[in-house]
Structure formats: C-alpha cells, structure tokens
Amino acid sequence: MKLHRTLFGFTLVTVAILAGNQANATATLGGVVYLVGGSGACNFSQLVPLNTQQDTFVLSGATGCLGTSSSVDLHGEAATGTIGLRATSSGNGLGSSQAAAQVYYSDHWLLTPPAGLANGTYSIPVSLTLEGNISSGALYGFQFNRFLDYSLSVRDLYAGISPSTLFSANGSISTTGAFTQTFNGNVNFRYFGPGSALPMTAEVIASLSLPGLNEGVVDFYNTASISMQLPSGFSAATSSGLPLVFPPVPEPRTSAMMFVGLGLLAWRVRHQYT
C-alpha cells in the first residue's frame, strides 16, 4: 500500500497549495481515485488535476479480481456549490481491496448588491451542509483511523482571515451510520462601492477525502454543499458567470408581522373554545 499513501499524500499537498494561491477568479474542480483489487493484482488509478478549470466534474472508476472489488464515483458542480463522493470495497477486510479518493472544488462567487447600497460591511448568513451514510460493518485501513475527511469554507476574498470574515467546517468521520450536519454562520463582506476594483467576492472551497476504505460503502455523493442567504436585492454568480440562487433572508418587518399574525390566530382559537 506504499504507492497508495504516496499518491494520496501528493493530492493533499496540492490542495494546500491551491488553497493558498487563489489569485485568479476561476472555478476549479478535480479529483483523484485509487483502487486496489486482488491484493494488488488489478489496481486502478486516475487523476483529474485539482486545479482544472471547469464548471462540472464527474470521475468514476472500478476494479475487481480474485473475489474482490472496489469502486469510486466523484462529482462537483460550480453552479450549485456542491461536491460528492461515493465508494465501495469488498474483500477480506484486511486490504485485499481498498478504495481511496478525493474531490476538490474552489470558486470565487461575485456578490452584486442592489443599486444605491452604501459603502460598508455587510454580514451574510452562510450554510455548510454534509449528508451521507457509512454502511454497518464498514472497515477503514488500520493506519487511517477514519472513513472520511471534510473541509468546507467561505470567506471574504479581499479581507484578512479572521473570525468575522471566514466561516468553515473541518473534521473527520470515523463511525458507521447516517451523518447529517448543517453548519450555520455569518461572514462579513466589505462593499467598497460601485465600480471598485475590489468587488464583493466570496472565496468558496470544499473538499472530501477518503483515505482508505477496506470494506463496505461510504456514500456522501449527495452531498456536500455551500450556500448563502442573500439579503434582499443581492445577486450572486460563479466566477464563470453562472447565476447562483439561494433562499433569501426574511425581511425583519415581514418576520415580525408573521409572528404577530400567528399570535392573533392562537388568541382567537383559544378564546373561541373557552
């Protein structure tokens, strides 16, 4: 398994380099697949460089022999801010078959405010969602101690990294069963006015990594996603110009009127039956 560790380590280093060098507003999607079958008798590997400029990405691979099999499916979509990873492995549970993979996505989302918006800092709610399942009895390689690593982040591209300008979720999953988690937070974006050389821009990065699955199914194909709740009048587009549609933030006045209406309805029902 020495080749596997070398290949996967290289991809992680590539991600670190790309994450620190996002000077160009260009969407990138890529991934790597490394599969073992028959204790090395029928291996498969394929790499789409993680800095490949594209709006959609799909990569699949499979291998199997001597009673073992492994497969991986990867995908990414710039227009929806989503990536996914699904892997299977079937052998003796000791590495006679193994699946390893990574999918990576980065983009710059251009936020367009409504006309007449005053210069200043605006806080925008963001959501980072991860959903998937790891089958009962699944086994990872003993040297990894986990099934999946994830990293999702949104930040103001033109601001320094701080708790107010960056929101991220990073972690690992080492237990079987269903996993559903939504991380909610806010990112402060600076608006320098119309025609500024520094438009409101979000740097978005997402990565899913499977170090080594020896047995079972890891299904996070649908999906890891990043979204925003844009204030009224705002719009957003990917670096290639594809429009992004997010649920709007409720107007404070509208929300207040809704709760008042519900309160009046409850009061009428209560007094009707008393």
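Draft legend 1. Summary view of the packing of aromatic side chains. On inspection of all chains with the given rule, the structure shows four aromatic pairs. Ring centres of Tyr150 and Phe179 lie 6.2 Å apart, and the angle between their planes is 50°; on these two criteria the pair is classed as tilted. Taken as a pair, Tyr150 in strand β9 (residues 148-156) and Phe179 in strand β11 (residues 177-191) lie far apart in primary sequence, 29 residues in all. Members of the aromatic cluster, joined through ring pairs, are Tyr150, Phe179, Phe183 and Phe220. Against the face of Tyr221 rests Arg86, its NZ or CZ located 4.2 Å from the ring centre.

Draft legend 2. Molecular detail of the environment of Ala237. When you line up the elements, Ala237 lands in strand β13 (residues 235-237). The buried category is assigned to Ala237, whose relative accessible area is 17%. In sequence terms Ala237 and Ala79 are 158 residues apart; their C-alpha atoms lie 8.1 Å from each other.

Draft legend 3. Focus on the environment of Tyr158. Mapped onto the elements, Tyr158 comes out in the loop between β9 and β10 (166-173). When the C-alpha atoms of Tyr158 and Thr201 are compared, they prove to be 7.3 Å apart, with 43 residues separating the residues in sequence.

Draft legend 4. Spotlight on the confidence of the model for the chain. Mean pLDDT over the chain: 86, with 81% of residues reaching 70 or higher. Segment residues 1-25: pLDDT under 50, and 41 contacts once partners within four positions in sequence are set aside and those in other chains are kept. Below pLDDT 50 for its whole length, residues 249-274 participates in six contacts with residues either more than four positions away or in separate chains.

Parameters and conventions
- Residues numbered from 1 in each chain as written.
- Predicted model: local features only at pLDDT ≥ 70, side-chain atom pairs only at ≥ 80, totals over all residues.
- Heavy atoms only, no water.
- Phe/Tyr/Trp six-rings, centres within 6.5 Å; stacked < 30°, edge-to-face > 60°.
- Helix = DSSP H or I, 4+ residues; strand = E, 2+ residues; numbered from the N terminus.
- Lys NZ or Arg CZ within 6 Å of the ring centre and 35° of its normal.
- Buried < 20%, exposed > 50% of the residue type's maximum accessible area, 1.4 Å probe, protein only.
- pLDDT = per-residue confidence, 0-100.
- Contact = heavy atoms within 4.5 Å.

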